[in-house]
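If you want the building blocks of each chain, they are given just below.
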Amino acid sequence: MEQNELYPIFLKVTQLNVLIVGGGNVGLEKLTFLLKSSPNAKVTIVSINFLPKLIELAQKHQVKLVEAVYHNSFLNSKHIVIAATDVINVNIQVYKDCKDLNILVNVADNPSYCDFYMGGIVTKGNIKIAISTNGKSPTLAKRLRQFFEEVIPDNIDELAENLNLFRNTIKEDFSNKVAELNELTKNLLSK
């Protein structure tokens, strides 16, 4: 059985510059996914045309739209790039350009040209759970996201806030803090 060796991280995309290349259905999907999780993400989209729904979404979130043919100069000052055109050669060129500049890149629907995948995400206030199928099945990630959204109680954020307040009152060393918080939360699994 193949091992999922992906390392999950949570990026502060309000502090990083994201570029999406492509203003069609796939670009809209990627933008929607990104903004659902991070409504204030710093995003620029480059495309020769844009779907009306994408334009509408971009205007609601201060996403910069640039109507142009892709050129590697658009990668200047970008940290993360998503290639989402319907032209395979353009997507692969974006990938190559990003690799030359050490920029993380995701080529939509082409796992071999991805440094990262955009998996399913469950958000309940401060609690965020990322789901990965190692690029094998976005549909399964979606179903798992729906399941967790349903079973995780909406008030879980209140628990996180209360535990944070409690953690801040503990004046012991790190290992004792961990032990005390573990004792306090052990009953969560039994319910």
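Please read all numbers here as calculations on a predicted model, not as lab measurements. By convention here, each chain's residues receive numbers from 1 onward along its written sequence. Note on the predicted model: pLDDT of at least 70 is required for a residue's local features to be given, and 80 or more for side-chain atom pairs to be given and counted; whole-chain, interface and lining totals, by contrast, use all residues. Here the side-chain values reflect all heavy atoms present in the structure, with hydrogen atoms and water set aside.

Caption draft 1: Inspection of the overall build of the chain at higher detail. Counting its secondary structure elements, the chain contains six helices and seven strands. The secondary structure elements of the chain, listed N-terminal to C-terminal, are β-α-β-α-β-β-α-β-β-β-α-α-α. Along the first, second and third principal axes, the C-alpha set of the chain runs to 55 × 40 × 35 Å. Relative to its 191 residues, the chain shows a buried fraction of 32%. Excluding contacts between residues fewer than 6 apart, the proportion of contacts in the chain whose partners are at least 24 apart in sequence is 53%. For the chain, the exposed area adds up to about 12,700 Å²; of that, 54% sits on carbon and sulfur atoms. Starting at the N terminus, helices and strands are each numbered in turn, a helix being any DSSP run of H or I of at least four residues and a strand any DSSP run of E of at least two. Partly exposed residues are those whose accessible area sits between 20% and 50% of the maximum for their type, while under 20% is buried and over 50% is exposed, using a 1.4 Å probe and protein chains only. The contact criterion used is simple: two residues touch if any of their non-hydrogen atoms lie within 4.5 Å. Areas reported as accessible are Shrake-Rupley estimates using a 1.4 Å probe. Residue values count occlusion only from the protein chains shown.

Caption draft 2: Quick look at the pairing of strand 6 (residues 120-124). Side chains Gly120, Val122 and Lys124 of strand 6 all project onto a buried face; the interleaved residues Ile121 and Thr123 project onto a face where none is buried. Direction of pairing for strand 6 relative to strand 7 (residues 127-131): antiparallel, over a ladder of five bridges. Residue pairing across strands places Gly120 opposite Ile131, the latter belonging to strand 7. For two strands to count as paired, DSSP must find a minimum of two bridges between them. As consecutive antiparallel partners, strand 6 and strand 7 are separated by two residues, and within that stretch Gly125 has a phi angle of approximately 65 degrees, a positive value.

Caption draft 3: Summary view of the pattern of salt bridges. What counts as a salt bridge is simple: a side-chain nitrogen of Lys or Arg found within 4 Å of a carboxyl oxygen of Asp or Glu. All told, the structure shown has five salt bridges when counted by the stated rule. A salt bridge links Lys99 to Asp115, with the shortest nitrogen-to-oxygen separation between them at 2.8 Å. You can see Lys99 sitting in helix 3 (residues 88-100) and its partner Asp115 sitting in the loop between strand 5 (104-107) and strand 6, a full 16 residues away along the chain. On the accessibility criterion, Lys99 (35% relative accessible area) is partly exposed. With relative accessibility at 30%, the residue Asp115 sits in the partly exposed group. Note that Lys124 is salt-bridged to Asp154, the shortest N-O span being 2.8 Å. Of this pair, Lys124 sits in strand 6 while Asp154 sits in the loop between helix 4 (138-151) and helix 5 (156-169); the two residues are 30 residues apart in sequence, bridging distant segments of the chain. Asp154 gets classed as exposed once you look at its relative accessible area, which sits at 66%. Three or more residues joined by partner-sharing salt bridges are found here, namely Lys36, Arg145 and Glu149.

Caption draft 4: The arrangement of the pairing of strand 3 (residues 64-67) in detail. Of the strand pairs in this sheet, strand 2 (residues 42-47) and strand 3 are connected by four bridges, and their pairing is parallel. Residue pairing for strand 3: Ser47 is matched across the bridge by Glu67. The definition of a right-handed crossover adopted here requires that, viewed with the strands pointing away, the path from the first strand over the helix to the second runs clockwise. Once the chain exits strand 2 it traverses helix 2 (residues 52-60) before rejoining the sheet at strand 3, and the crossover so formed is right-handed.

Caption draft 5: Representation of helix 1 (residues 25-37) within the structure. The length a helix should cover is 1.5 Å for every residue beyond the first. The end-to-end C-alpha distance of helix 1, which contains 13 residues, comes to 19 Å, matching closely the 18 Å that a straight helix rising 1.5 Å per residue would cover. Buried residues belonging to helix 1 abut strand 1 (17-21), strand 2, helix 2, strand 4 (80-83) and strand 5.

Caption draft 6: Summary view of the packing of helix 1 against helix 2. Viewed as axis vectors pointing N to C, helix 1 and helix 2 meet at an angle of 25 degrees, and their least axial separation amounts to 10 Å. By the angle between their axes, helix 1 is roughly parallel relative to helix 2. As helix 1 runs across helix 2, the sense of the crossing is left-handed. Touching Gly27, Leu28, Leu31, Thr32 and Leu35 of helix 1 are Lys53, Leu54 and Leu57, all from helix 2. By the convention adopted, Pro, Cys, Tyr, Trp, Phe, Met, Ile, Leu, Val and Ala count as nonpolar, Lys, Arg, Asp and Glu as charged, and the other residues, Gly among them, as polar. Its residues assigned to classes, the contact of helix 1 with helix 2 comprises five nonpolar, two polar and one charged. Each axis is a line fitted through C-alpha atoms, taken for helices only over the stretch in contact, and angles between the N-to-C directions span 0 to 180 degrees. By definition in this entry, angles of less than 35 degrees are roughly parallel, angles greater than 145 are roughly antiparallel, angles of 65 to 115 are roughly perpendicular, and the rest are oblique. Definitions for this section: a left-handed crossing has its near helix turned counterclockwise from the far helix by less than a right angle. A right-handed crossing has that turn clockwise.

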